[in-house]
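Overview (structure and organization)
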Amino acid sequence: MSATLNRIGLPRDAYKGAATTLCAGCGHNSITNHLIKALYELGIEPHRLAKMSGIGCSSKTPAYFVEAAHGFNGVHGRMPALTTGAQLANRQLIMLGVSGDGDTASIGLGQFMHMIRRNIDCTYIIEDNGTYGLTKGQFSATADLGSVQKKGAVNTFQPIDPCAVALTLGCSFVARSFSGDGKQVVPLIKAAIAHRGTAVLDIISPCVTFNDHDGSTKSYSWVKDHEESIADVSFIPFYEEVHVDYEPGTIRDVELHDGSHILLKKLGEDHDPSDRRGAMHVLEEGRSAGHLVTGLLYLDTTMEDFATTEHIPERPLKDLGEDELRLTPDQFASFISEFA
Ligand SMILES: Cc1ncc(C[n+]2csc(CCOP(=O)(O)OP(=O)(O)O)c2C)c(N)n1
Ligand code: SF4
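The rules behind these values
- Residues numbered from 1 in each chain as written.
- Chains lettered and ligands numbered in written order.
- Predicted model: local features only at pLDDT ≥ 70, side-chain atom pairs only at ≥ 80, totals over all residues.
- Heavy atoms only, no water.
- Helix = DSSP H or I, 4+ residues; strand = E, 2+ residues; numbered from the N terminus.
- Buried < 20%, exposed > 50% of the residue type's maximum accessible area, 1.4 Å probe, protein only.
- Contact = heavy atoms within 4.5 Å.
- Polar contact = N/O pair within 3.5 Å; in protein donor to acceptor, adjacent residues only side chain to side chain.
- Near = heavy atom within 4 Å.
- Areas by Shrake-Rupley, 256 points an atom, 1.4 Å probe, with all protein chains shown as cover.
- Nonpolar A, V, L, I, M, F, W, Y, C, P; charged D, E, K, R; others polar.
- Pairing = 2+ DSSP bridges.
- Axes fitted to C-alpha atoms, helices over the stretch in contact; angles between N-to-C directions.
- Phe/Tyr/Trp six-rings, centres within 6.5 Å; stacked < 30°, edge-to-face > 60°.
- Lys NZ or Arg CZ within 6 Å of the ring centre and 35° of its normal.

Our next topic: the environment of Asp-128. Among the structural elements, Asp-128 can be located in strand 4 (residues 122–128). The class of Asp-128 is buried, set by a relative accessible area of 1%. Sequence separation between Asp-128 and Phe-178 is 50 residues, and the spatial gap between their C-alpha atoms is 9.1 Å. With sequence-adjacent residues up to four places away left out, Asp-128 is seen in contact with Asp-101, Thr-142, Pro-162, Asp-202, Ile-203, Ile-204, Ser-205 and Lys-218. Within polar-contact distance, the side chain of Asp-128 engages the backbone nitrogen of Gly-130 at 3.4 Å.

As structure tokens, this is what we get:
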């Protein structure tokens, strides 16, 4: 039986990578499967994809999907700088960064913040387990106050919430989900890729080896008991016709830069993803109630990304000729005359 092909004629297997070396049951493995599904269904050309990461179990994830894509596994916490450089050198690449909560909110916090501030066109996935899995289970900066390590140590520090940081800095796309919720993660990944600008997707991803016990607030059972979704998310790519069953007040249709659509079906709460203050409020309310709020928290489709603001050519810099890179003698003379 022949395999089903996507819109660019590739089978799902073309979106797979090497076999995982992560622990069986690790949330990061589920996210890999969601990435494979999203990229296959979108019909992303492997040679246009650049998988970027730092250090951690999470940062190994790019090895496990789309083997034929570009990839760069950099220094711990420095994925944003590498991504910024690669994006500016070639705007035709689809930048996909995969990081951990340690890689992002501990050592890489400054890099994370400056990437958001510049609105670099990149999907930034945080595989958030509240622990340093690779170095055997120390608390990371996203671990909740009072959460307990496997051997009983209690976290005495306030957590850093990557979504709250992103919102504060004016990030143009902020979402949170859970690795076990493919129905929500897959459309969010697709929407993040279709979005032009920094799209932060914080995915709670339990570490079954070091942080999946009673006392952890990033375990499978804790998330299942405390998850509160603010809306059902569906994604319609630009090449599919949009058919929406509009029921007043229940469906919100947001068009993205490439013509794709996100459809948000309101659940209990009346969350408006274009209201940044409202998104902060929803996060804060969830925090005080001990809930994990998931879904698309905030989206701004009007903000320019960094490369556009800086007038970076659409063509890869390597393809520009000397005549395009150098000033003409007249331009040079005029430039120098400004200093005379
Ligand atoms: C500069 C530097 N400091 C510290 C380390 C040690 N180190 C490696 S991975 C890691 C934390 C990884 O945690 P996280 O990003 O949450 O990923 P996880 O393994 O939990 O997926 C640390 C502290 C390092 N590799 N480089
Ligand atoms: S140590 Fe934790 S984060 Fe690392 S692969 Fe194992 S379960 Fe996943």
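Attention shifts here to the site of ligand 1. Neighbouring residues of ligand 1: 17 residues in total, closest Cys-57, Ser-58, Gly-102, Asp-103 and Gly-133. Contacts to ligand 1 include Gly-102, whose backbone N or O atom sits 2.8 Å from an oxygen atom. A distance of 2.8 Å separates an oxygen atom of ligand 1 from a polar backbone atom of Gly-133. Within the complex, 74% of the 590 Å² of free accessible area of ligand 1 lies under protein. Of all the secondary structure elements, the ones that give two or more residues to the shell around ligand 1 are helix 3 (101–106) and strand 5 (131–132). Among the elements that take part in the shell around ligand 1, helix 3 stands out by supplying 3 residues, more than any other. Residue composition of the shell around ligand 1, by class: 5 nonpolar, 10 polar and 2 charged.

Spatially, 10-12-11 is the arrangement adopted by the 3 strands of the open sheet, whose pairing is antiparallel. On the outer flanks of this sheet lie strand 10 (231–236) and strand 11 (251–255), each paired with one strand and no other. For this sheet, the mean inter-axis angle between neighbouring strands, taken without regard to orientation, is 20°. One ladder, built from 5 bridges, connects strand 11 with strand 12 (residues 261–266); its direction is antiparallel. The partner of Asp-253 across the bridge, within strand 12, is Leu-263.

So, on to the packing of aromatic side chains. Think of a pair of aromatic rings as described by two things: how far the centres are apart, and how the planes are tilted against each other in angle. One pass over the structure, following the stated rule, counts 5 aromatic pairs. Ring plane angle 65° and centroid distance 5.1 Å describe the contact between Phe-112 and Tyr-124, whose orientation is recorded as edge-to-face. You can see Phe-112 sitting in helix 4 (residues 109–118) and its partner Tyr-124 sitting in strand 4, a full 12 residues away along the chain. In this pair, the class of Phe-112 matches that of Tyr-124, namely buried. Directly above the aromatic system of Phe-65 lies the positively charged group of Lys-51, at a separation of 5.4 Å from the ring centroid. A cation over an aromatic ring shows up here: Arg-118 above the ring of Phe-306, its NZ or CZ 5.8 Å from the ring centre.

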